[in-house]
Amino acid sequence: MSVATTTPEQDQRATTDAAPAVWRRLVPTPKVLILGVVALVVAYLAIVPLWFLIQGTFLDQNTSAFTLDGFTRAYTDDKAIEMMRNSIWFAVGSAVLSLVVGTALAFLNVRTDVPFKSLFFAGSIVPLIIPGILYSVAWIFLASPDIGLINYVLEPIFGKGVLNIYSVWGMIWVEGLHLSPITFLFMVAAFRAQDPSLEESALMSGASRWTVIRRITVPLLRPAIAASVLIMTVRALESFEVPALLGLQNGIYVFTSKIYFMLRTYPQDFNGAGALALGLFAIAALGMLVEHLMSKGAKAYQTVTGKGFRPRPIELGKWRPLAGAAIIGYFVLTVILPLLLLVYTSLLPYYQKPSGKAFKSMTLDNYTALLDMSKATTALKNSLFLGAAAATLVMILMAVAAWIVVRSGIRGRKLLDLLSFAPLVIPGLVLGLSLQFVYLRSPIAIYGTIWILLVAYCTRYLPYGMRYAVTSMQQISAELEESAAVSGATWWQVFRRVLLPLLMPGLLAGWIYIFVVSFRELSSSILLYSSGNEVLSILIWEQFENGKFTVLAALGVVMIAVLMVLVSIAYKLGAKVGLQQD
């Protein structure tokens with residue numbers, strides 16, 4: 001038997017060959033690298049702005065010493081109590097109005113034989129398309145004490161200026177109507193999940209319709225009602241367009257308009273604005289936490305448990321024409337009148353009440369002026385770029401993040417899910433202020449450029465991208481990935497060639513939604529834009545501040561037309577693509 005021996009040269013060569021194997025173990029694989037980068041980006045977008053907001057609030061602008069002076073100035077001001085009272089009254093009033101309108105429409109649509117059901121889709125979707133700033137401007141044309149069309153019609157009967165849109169009640173009316181389609185969509189789902197046989201049994205037992213609604217219908221809808229009120233209250237609290245356009249005209253401040261005012265006066269009070277922003281953030285976070293805790297008990301209210309569920313519509317009988325008239329009235333009030341007023345104003349040389357003379361003066365000059373306005377072309381390009389870029393980046397990040405949350409066994413993956421949803425409770429104006437704090441002090445030179453707007457949009461819409469991606473990922477069986485892996489495919493090959501094609505319908509839906517909301521975004525842009533980097537919503541805001549209502553209306557009509565085309569495309573794609581079930 002012979003013993004194998006090696007020479008010193010062979011030993012040195014074997015050691016050299018083993019070195020690359022050690023280095024290969026230290027170098028991260030593409031899978032680890034991709035997952036790590038996505039997790040870091042999501043964490044950066046969610047945590048850094050909030051951290052810098054806290055720093056900017058508690059550190060003196062000149063000495064960098066710890067200070068509470070911002071809270072003193074923000075909350076001990078003579079009008080601070082009035083500002084907080086206005087904020088709560090505006091938010092709760094808007095939520096209640098949207099609940100009443102949205103629930104009534106949902107009940108009629110789902111549970112009755114009301115006519116004109118085809119109008120429900122337009123009545124619920126079109127107001128969501130109209131940006132808040134344009135909806136507010138449209139209601140100024142309708143209910144302003146000086147130029148409002150409704151006041152003009154009512155003046156011979158009730159006198160001049162019977163309606164005043166520049167009041168807390170006016171703000172509640174506009175915001176509540178603008179939020180009512182969202183409540184309608186919430187409540188439609190709730191009514192469809194409720195078994196009407198419970199109400200039918202009570203009616204057959206001799207209970208009156210009012211008793212049934214009070215004792216059965218409302219209790220079963222309690223989780224949906226509570227969730228709608230809380231979410232709409234938070235949405236109204238963070239609203240910027242309505243308080244800024246309607247409230248500031250009459251010296252009425254809420255949290256968002258006060259923050260904007262403190263940052264638009266000289267010298268800028270970053271500490272005071274930060275104190276108000278943290279207060280608004282705390283209220284919004286508390287509201288979303290309460291909604292989350294209440295939703296945990298929602299299963300106790302479930303009444304549909306099998307496939308035998310067949311809801312039957314209630315016959316309205318003699319009330320059917322009245323219900324149909326109410327539907328038409330709502331559609332006219334929330335969709336037709338605002339759009340017609342914008343189109344009408346866009347055709348005038350200057351705003352004037354409807355008359356024969358006004359109609360004779362109509363031209364397309366305002367639209368021609370838009371073609372000659374370099375800012376309009378730039379703003380349109382910027383809006384299209386930011387919408388497409390934000391939607392693309394968010395959905396790419398969230399596709400990978402959704403795999404981490406749903407598929408991987410990585411410890412701490414739930415934290416990534418939580419971080420991705422953190423921006424949901426950060427109001428847009430607060431986010432804009434936070435990013436000011438970040439990039440005014442950061443060596444990354446993007447402040448004053450279009451890139452800071454892109455960062456803001458990506459951060460603001462992370463939660464929506466995650467929801468679309470996670471929902472799509474949960475519908476795909478893990479067996480497909482396992483089969484591909486057994487066949488020798490790498491993780492990246494499986495993700496790119498198996499998962500992405502299957503995820504595409506959900507990712508496409510998320511992309512279109514984020515594109516639309518980014519295209520019309522104002523609240524997070526108002527503090528971050530600079531000359532040459534305006535978007536369409538900012539240009540509309542500038543036209544309003546300069547009193548150029550006719551040009552503003554023309555710009556708004558163009559913006560709404562573009563958004564309608566986008567939503568129509570989304571609706572058709574949603575009907576044609578998706579996972580088909582036999």
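Fair warning: this is a prediction, and the values are worked out from it, not measured in the lab.

Let's talk about the overall build of the protein
Phase 1 of the analysis: Each helix and strand in the protein was counted, giving 26 helices and 0 strands.
Phase 2 of the analysis: The proportion of buried residues among the 582 residues of the protein is 48%.
Phase 3 of the analysis: A separation of at least 24 residues holds for 78% of the contacts in the protein among residues at least 6 apart in sequence.

Topic: the confidence of the model for the protein
Phase 1 of the analysis: Residues with a pLDDT of 70 or more make up 86% of the protein, whose mean pLDDT is 80.
Phase 2 of the analysis: Averaged over each element, pLDDT in the protein is lowest for helix α1 (residues 8–26) (52) and highest for helix α21 (residues 450–460) (92).
Phase 3 of the analysis: Taken together, the stretch residues 298–311 has pLDDT below 50 and engages in 19 contacts with residues farther than four places along the chain or on a different chain.
Phase 4 of the analysis: Here residues 578–582 scores under 50 on pLDDT; set against residues more than four positions off or in separate chains, the count is 3 contacts.

Notes on the packing of helix α6 (residues 132–143) against helix α7 (residues 149–158)
Phase 1 of the analysis: Look at α6 against α7: their axes get within 3 Å of each other, and the N-to-C directions meet at 15 degrees. One way to sum up the angle between α6 and α7 is to call them roughly parallel. Between α6 and α7, the residues in contact are Trp-139, Phe-141, Leu-142 and Ala-143 and Leu-149, Ile-150 and Asn-151, respectively.
Phase 2 of the analysis: A per-class count over the contact of α6 with α7 returns 6 nonpolar, 1 polar and no charged.

Side note on the packing of aromatic side chains
Phase 1 of the analysis: Scanning the model with the defined rule gives 20 aromatic pairs in all.
Phase 2 of the analysis: Between the aromatic rings of Tyr-260 and Trp-541, the centroid separation amounts to 5.7 Å while the plane-to-plane angle is 85 degrees, which identifies the pairing as edge-to-face. Of this pair, Tyr-260 sits in helix α13 (residues 255–264) while Trp-541 sits in helix α25 (residues 536–545); the two residues are 281 residues apart in sequence, bridging distant segments of the chain.
Phase 3 of the analysis: The buried category is assigned to Tyr-260, whose relative accessible area is 8%.
Phase 4 of the analysis: You can call Trp-541 buried: its relative accessible area is 4%.
Phase 5 of the analysis: Aromatic ring contacts, followed pair by pair, group Phe-58, Phe-66, Phe-71 and Tyr-75 into a single cluster.
Phase 6 of the analysis: If you follow Lys-258 out to its NZ or CZ, it ends over the ring of Tyr-253, 5.0 Å from the centre.

A few points about the environment of Gly-132
Phase 1 of the analysis: Note on placement: Gly-132 falls in helix α6.
Phase 2 of the analysis: Since its relative accessible area comes to 13%, Gly-132 is described here as buried.
Phase 3 of the analysis: Each C-alpha atom of the pair Gly-132 and Glu-521 lies 9.1 Å from the other, and the pair is 389 residues apart in sequence.
Phase 4 of the analysis: Not counting the four nearest positions on each side in its chain, Gly-132 is found in contact with His-178 and Glu-241.

A closer look at helix α19 (residues 413–421)
Phase 1 of the analysis: All buried positions along α19 are accounted for by Leu-416, Leu-419 and Ser-420. What you see down the axis of α19 is that its buried residues fit within an arc of 100 degrees, all on one side. What points out from α19, more than 90 degrees from its buried face, is the exposed set Lys-414, Leu-415 and Leu-418.

Quick notes on a nonpolar patch on the surface
Phase 1 of the analysis: Residues Phe-116, Ile-328, Val-332, Ile-336 and Leu-340 make up a contiguous nonpolar surface patch of roughly 390 Å² in combined accessible area.
Phase 2 of the analysis: Here Ile-336 is to be found in helix α15 (residues 320–346).

A closer look at the side chain of Arg-460
Phase 1 of the analysis: Summarising the element assignment, Arg-460 is placed in helix α21.
Phase 2 of the analysis: Here the side chain of Arg-460 touches Glu-521 through a polar contact of 3.3 Å, side chain to side chain.
Phase 3 of the analysis: Not counting the four nearest positions on each side in its chain, Arg-460 is found in contact with Glu-238, Pro-423, Ile-426, Pro-427, Gly-428, Leu-431, Glu-521, Ser-523 and Ser-524.

Section: the side chain of Gln-352
Phase 1 of the analysis: With respect to the helices and strands, Gln-352 occurs in the loop between α15 and α16 (356–360).
Phase 2 of the analysis: A polar atom in the side chain of Gln-352 sits 3.4 Å from the side chain of Ser-361.
Phase 3 of the analysis: Residues contacting Gln-352, with those up to four places away along its chain left out, are Tyr-344, Ala-358 and Ser-361.

Structural notes on the environment of Phe-495
Phase 1 of the analysis: Mapped onto the secondary structure, Phe-495 falls in helix α24 (residues 491–519).
Phase 2 of the analysis: For Phe-495, a relative accessible area of 3% gives the class buried.
Phase 3 of the analysis: For the pair formed by Phe-495 and Val-400, sequence separation is 95 residues and the distance between their alpha carbons is 8.7 Å.
Phase 4 of the analysis: Contact partners of Phe-495, with chain neighbours within four places excluded, come to Ala-399, Val-400, Trp-403 and Leu-500.

Regarding the packing of helix α4 (residues 80–111) against helix α8 (residues 168–192)
Phase 1 of the analysis: Put simply, α4 and α8 touch, their axes get as near as 5 Å, and they point 40 degrees apart. Between α4 and α8, the angle is such that the two are oblique. Our pair here, α4 against α8, has a crossing hand that is right-handed.
Phase 2 of the analysis: Here the residues of the contact of α4 with α8 sort into 20 nonpolar, 10 polar and 3 charged.

Observations concerning the pattern of salt bridges
Phase 1 of the analysis: In total, this model carries 5 salt bridges according to the counting rule given.
Phase 2 of the analysis: We note a salt bridge from Asp-269 to Arg-73, for which the minimum N-O separation is 2.8 Å. One end of the pair, Asp-269, is in the loop between α13 and α14 (270–295); the other, Arg-73, is in helix α3 (residues 69–75), with 196 residues separating them in the sequence.
Phase 3 of the analysis: For Asp-269, a relative accessible area of 14% puts it in the buried group.
Phase 4 of the analysis: Glu-534 serves as the salt-bridge partner of Lys-375, at 3.7 Å between the closest nitrogen and oxygen. Note that Lys-375 is positioned in helix α18 (residues 374–406) and Glu-534 in the loop between α24 and α25, a separation of 159 residues in sequence.
Phase 5 of the analysis: A relative accessible area of 36% means that Lys-375 is categorised as partly exposed.

Considering the nonpolar core
Phase 1 of the analysis: Counting 150 residues, the largest nonpolar core has Leu-134, Met-398, Leu-433, Ile-526 and Trp-541 as the members making the most contacts within it.
Phase 2 of the analysis: For this core, the element with the highest residue contribution is α18, accounting for 17 residues.
Phase 3 of the analysis: Residues within four places of Leu-134 in sequence aside, it is in contact with Leu-342, Ile-540, Leu-552, Gly-556, Met-559 and Ile-560.
Phase 4 of the analysis: Membership of the second largest hydrophobic core comes to 18 residues, among which are Leu-108, Phe-184, Phe-191 and Leu-221.

Calculation notes
Residues numbered from 1 in each chain as written. Predicted model: local features only at pLDDT ≥ 70, side-chain atom pairs only at ≥ 80, totals over all residues. Heavy atoms only, no water. Helix = DSSP H or I, 4+ residues; strand = E, 2+ residues; numbered from the N terminus. Buried < 20%, exposed > 50% of the residue type's maximum accessible area, 1.4 Å probe, protein only. Contact = heavy atoms within 4.5 Å. pLDDT = per-residue confidence, 0-100. Axes fitted to C-alpha atoms, helices over the stretch in contact; angles between N-to-C directions. Parallel < 35°, antiparallel > 145°, perpendicular 65-115°, else oblique. Nonpolar A, V, L, I, M, F, W, Y, C, P; charged D, E, K, R; others polar. Phe/Tyr/Trp six-rings, centres within 6.5 Å; stacked < 30°, edge-to-face > 60°. Lys NZ or Arg CZ within 6 Å of the ring centre and 35° of its normal. Arc of directions from axis to C-beta. Patch = residues over 30% accessible without salt bridge, like charges linked within 9 Å, V, L, I, M, F, W, Y side chains within 5 Å. Areas by Shrake-Rupley, 256 points an atom, 1.4 Å probe, with all protein chains shown as cover. Salt bridge = Lys/Arg side-chain N within 4 Å of Asp/Glu carboxyl O. Polar contact = N/O pair within 3.5 Å; in protein donor to acceptor, adjacent residues only side chain to side chain. Left-handed = near helix turned anticlockwise from the far one by under 90°. Core = buried A, V, L, I, M, F, W, Y, C linked by side-chain atoms within 4.5 Å.

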